[in-house]
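# Observations on the three-dimensional arrangement
One-letter residues, chain by chain:
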Amino acid sequence: MLVGGVGWLLHWRDASATIRDRDRIGEDDRRSRLRAAYFGLALVVATAWGGLAIAGALAELMRRVTGMVAGDTMAFLEGVVGPPAAVVPVILAGWWHVRFAVHEARDLGPRAVAGATRNARLLVSLVGLAFVAAGSIGLIEAMLAQLAGGDEASMTGDSPWSTTVPSSLAQLAVGAALWLPAWAGTLAARARDLGAERASSATRAHLFLVAGVALVAAVPTGVMTLYSLLNTGLGGEPVRPLLAELSFPIAVLAVAVAIGLYHGRLLLGDLRATAPENRPVAGSAWATAVPASAAATTPPGGPPPAGAAVTLEVVIRLPAGSDADAWLAWARGSLPPGATLT
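## Focus: the confidence of the model for the protein
Scored by pLDDT, the protein has a mean of 81; 81% of the residues are at 70 or more. Put simply, helix H12 (residues 286-289) is where the protein has its lowest mean pLDDT, 37, and helix H11 (residues 247-273) is where it has its highest, 93. The low-confidence segment residues 151-158 (pLDDT under 50) makes eleven contacts with residues lying over four places distant or belonging to another chain. This model gives residues 280-301 a pLDDT under 50, and the stretch forms 24 contacts once residues within four places in sequence are excluded.

## A word on the packing of helix H3 (residues 33-65) against helix H4 (residues 73-86)
Pairs of packed helices are described in terms of their axes, by the angle between the two and the distance that separates them. It is the contact of H3 with H4, at a shortest axis distance of 7 Å, that shows an interaxial angle of 150°. The angle between H3 and H4 falls in the class roughly antiparallel. In the crossing of H3 with H4, the sense of the turn from one axis to the other is left-handed. Touching Ala53, Ile54, Gly56, Ala57, Glu60, Leu61 and Arg64 of H3 are Ala75, Phe76, Gly79, Val80, Pro83 and Pro84, all from H4. For the contact of H3 with H4, the residue count by class is nine nonpolar, two polar and two charged.

## Let's talk about the nonpolar core
Counting residues in each nonpolar core, the largest one holds 15 residues, and the members touching the most others are Leu129, Ile137, Trp183, Leu207, Val255 and Ile259. Once residues within four sequence positions are removed from consideration, Leu207 is found in contact with Trp183, His263, Leu266, Leu267 and Asp270.

## Some thoughts on the packing of aromatic side chains
Note on aromatic pairs: each is described by the distance of the centres and the angle between the planes. This model, assessed by the stated rule, comprises eleven aromatic pairs. Both rings, one in Trp183 and one in Tyr262, keep their centres 6.3 Å apart while their planes meet at 65°; by these two values the pair is edge-to-face. Here Tyr262 lies in helix H11 and Trp183 lies in helix H7 (residues 160-192), a separation of 79 residues in the sequence. A residue is classified by how much of its surface remains accessible, and Trp183, at 4% relative accessible area, is buried. The exposure class of Tyr262 is partly exposed, given its relative accessible area of 26%. The rings of Trp8, Trp12, Tyr38, Phe39, Trp96 and Phe100 are connected pair by pair, giving a single aromatic cluster.

Calculation criteria
- Residues numbered from 1 in each chain as written.
- Predicted model: local features only at pLDDT ≥ 70, side-chain atom pairs only at ≥ 80, totals over all residues.
- Heavy atoms only, no water.
- pLDDT = per-residue confidence, 0-100.
- Helix = DSSP H or I, 4+ residues; strand = E, 2+ residues; numbered from the N terminus.
- Contact = heavy atoms within 4.5 Å.
- Axes fitted to C-alpha atoms, helices over the stretch in contact; angles between N-to-C directions.
- Parallel < 35°, antiparallel > 145°, perpendicular 65-115°, else oblique.
- Left-handed = near helix turned anticlockwise from the far one by under 90°.
- Nonpolar A, V, L, I, M, F, W, Y, C, P; charged D, E, K, R; others polar.
- Core = buried A, V, L, I, M, F, W, Y, C linked by side-chain atoms within 4.5 Å.
- Buried < 20%, exposed > 50% of the residue type's maximum accessible area, 1.4 Å probe, protein only.
- Phe/Tyr/Trp six-rings, centres within 6.5 Å; stacked < 30°, edge-to-face > 60°.

If you want it as C-alpha cells, here you go:
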C-alpha cells in the first residue's frame, strides 16, 4: 500500500498539474481517451474486486448458516468478515475516481458531465451483469446435475453442491445489487433523452460487447448440446447421464440467449433509429432541414484551399417539440475530420 500509494500520488499530482495548465495542453489531456480509459479501468477493477470479495464472504456465510461447513470464530472472521473489510479501500478508491471524473467534466459543460455519469453506469452494469451471468450459469448447472443423478448426500459439505450453490447464489445477489441500479439509471437516461443515449459511443460499445460475448458463448455451447443429443440419439453411450453431461452447456446457452436477446434488441433498435434513412425522430424536423447525405456532399464552390480555415455561423430554427439534443448529436457526428461545432 505504501509503495503503490506513493507511486500513484506522484504521478497523479503531475497529471493534475497538466490538467490545470490550460494554456498548454490541459484541455487536450482532459479530453484524451487515455484519461477516460484510466478512470474506467480504475472503476472496473474496484467494482470487480469488491464484488468478488463480498460474494465470497456471502457464500461462506451461507455455508455456515446452513450447516454445510463448521469452524471456530477465527475461521468465521477470516472467511466472512475479513474479505469485505479488506476491499473497503479499493471500493472507496473506485468511488473517488468516479466522483473526480464527474467533477472534472463540469468544466466542459453539461454534456461532458452526462457522458462521465453514463460511462460510470455502463461500466458498473457491465461488471454486475458478469456476476449475474456467472451466478445464473452455476445455479442452473447445479440444479440440472442434481436432477440428473443427485443423491441425498449431495447437501453435505463434501459435495460439489455445497460449493457451487452458495457461490452461485452469492454471485447472483452481488450482481443484481450492481446491475439493477446501474441499468435502471441507464434506462431512466434513455427515457429522458433517447437521442443522446443512442448517439453515445459508450452506449453503443456496451451493447455491442454484451451482445457479442453472448453470441460467442451461445454458439459453441449450442453446438456441444446438439452434438450430445445427436450422439445419444444415434446410439452413442454417454459417460454420464445425458442431463448431467449437458448441464453446463445448457446453462451457458440459456443465460447467453436471454442476455443476448435483451441487449441485442436494444442494439438493433438503436442502429435502426440512427440509420441515415431514419435519422428524423418523433417531434423533430431533421429530414426537411438537413438531408441525410449532407455530410457527404462537397461545399458549394468546391473544397476550401489547403491550409485555409473557414468559419460558418448558422442559425437553425426547429419546430416546437423537436429533439434539439439529438439533432446536435447527429450534426457533430456528421462533421468532416478537423471540423468542430460550437
